[in-house]
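Single-letter residue listing:
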Amino acid sequence: MQKNIPDQTSNITIIGGGNLGRAIAEGLMASKFVKAAQLTVTRRKIELLADLSEQGVRVISENTKAVSEANIVILAVKPKVIHSILEEIKEFLKPNTILISVVTGVSLADIQAKVKAEITVFRAMPNTAVAIRESMTCISTQNATQEEKELVLSLFDTVGKAIMIEDELMAASTVL
């Protein structure tokens, strides 16, 4: 089965508009990888994202609505809530969605077990320097095509430098 590869005109949703989610959004806009109108950021207290909203980013609190309209979904939530978030959104992810977790301590296998098989899953470990486009991001995947890998690498290359590594090395890379 051939997967549909999102391009740079795709809609990107960031679930979790905290420090890292906000930094990724700001970095993607600053690098011109996407326009503000192509970004959706979710947070329970959306008033904390008023500045992003003023820049044209869609800011909402409904995770399911946000992911149903996205080609790329970035999970930037606390580790303790990722499983409940995945349970909430899994039925709303479009087929062939690229799902990228920037959540520490949650393996690819854990995430893949919670979503449909046709969802491509990545783990990425950036740092908050993504907002100023100086992050070093390590990325891993198990079920991505070469084109999907290149897309995710290019996404994170726009906010610093990115490399692909084995998922088993992810814990060690976060320490560095």
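Rules behind the numbers
- Residues numbered from 1 in each chain as written.
- Predicted model: local features only at pLDDT ≥ 70, side-chain atom pairs only at ≥ 80, totals over all residues.
- Heavy atoms only, no water.
- Helix = DSSP H or I, 4+ residues; strand = E, 2+ residues; numbered from the N terminus.
- Rg over C-alpha atoms; globule rule 2.2 N^0.38 Å.
- Buried < 20%, exposed > 50% of the residue type's maximum accessible area, 1.4 Å probe, protein only.
- Areas by Shrake-Rupley, 256 points an atom, 1.4 Å probe, with all protein chains shown as cover.
- Lys, Arg positive; Asp, Glu negative; His and termini not counted.
- Charge placed at Lys NZ, Arg CZ, Asp CG, Glu CD.
- Pairing = 2+ DSSP bridges.
- Right-handed = clockwise from strand over helix to strand, strands pointing away.
- Polar contact = N/O pair within 3.5 Å; in protein donor to acceptor, adjacent residues only side chain to side chain.

Asker: Help me understand the overall build of the protein chain in this model?
Answerer: A count of helical and extended segments in the protein chain gives 7 helices and 8 strands. Relative to the 2.2 N^0.38 estimate, which gives 16 Å for 176 residues, the radius of gyration of the protein chain is 14 Å and therefore close to what a compact globule would have. Each principal axis of the C-alpha distribution contributes one length, and for the protein chain these read about 40 × 35 × 30 Å. Residue burial in the protein chain is summarised as follows: out of 176 residues, 50% are buried. Accessible surface, the protein chain: about 8500 Å² in total, of which carbon and sulfur atoms supply 51%. Each charge sign in the protein chain was given a centre, from 19 positive and 20 negative side chains, and these centres are 5 Å apart.

Asker: Any chance you could explain the pairing of strand S5 (residues 98–101) here in plain terms?
Answerer: Where a strand is regular, its side chains alternate between the two sheet faces. Of the two faces of S5, both are covered, the one formed by Ile98 and Ile100 as well as the one formed by Leu99 and Ser101. In the sheet, strand S4 (residues 72–75) pairs with S5 via 4 bridges, with the strands oriented parallel. Across the sheet, leucine 75 pairs through a bridge with serine 101, a residue of S5. In this fold, the crossover linking S4 to S5 by way of helix H4 (residues 82–89) has right-handed handedness. Bridge count between S5 and strand S6 (residues 120–125): 4 bridges; the pairing is parallel. Bridge pairing in S6 links isoleucine 98 to threonine 120. Crossover connection from S5 via helix H5 (residues 108–114) to parallel S6: handedness right-handed.

Asker: How do you make sense of the pairing of strand S8 (residues 160–164) when you look at a structure like this?
Answerer: The sheet contact formed by strand S7 (residues 135–141) and S8 spans 5 bridges and is parallel. Bridge pairing in S8 links cysteine 138 to isoleucine 163.

Asker: I would appreciate a short explanation of the side chain of glutamine 38 in the present structure.
Answerer: Here glutamine 38 lies in the loop between helix H1 (19–30) and strand S2 (39–42). A polar contact of 2.8 Å, which involves the side chain of glutamine 38, links it to the backbone nitrogen of lysine 35.

Remember that the coordinates give geometry; whether it matters functionally is a separate question.
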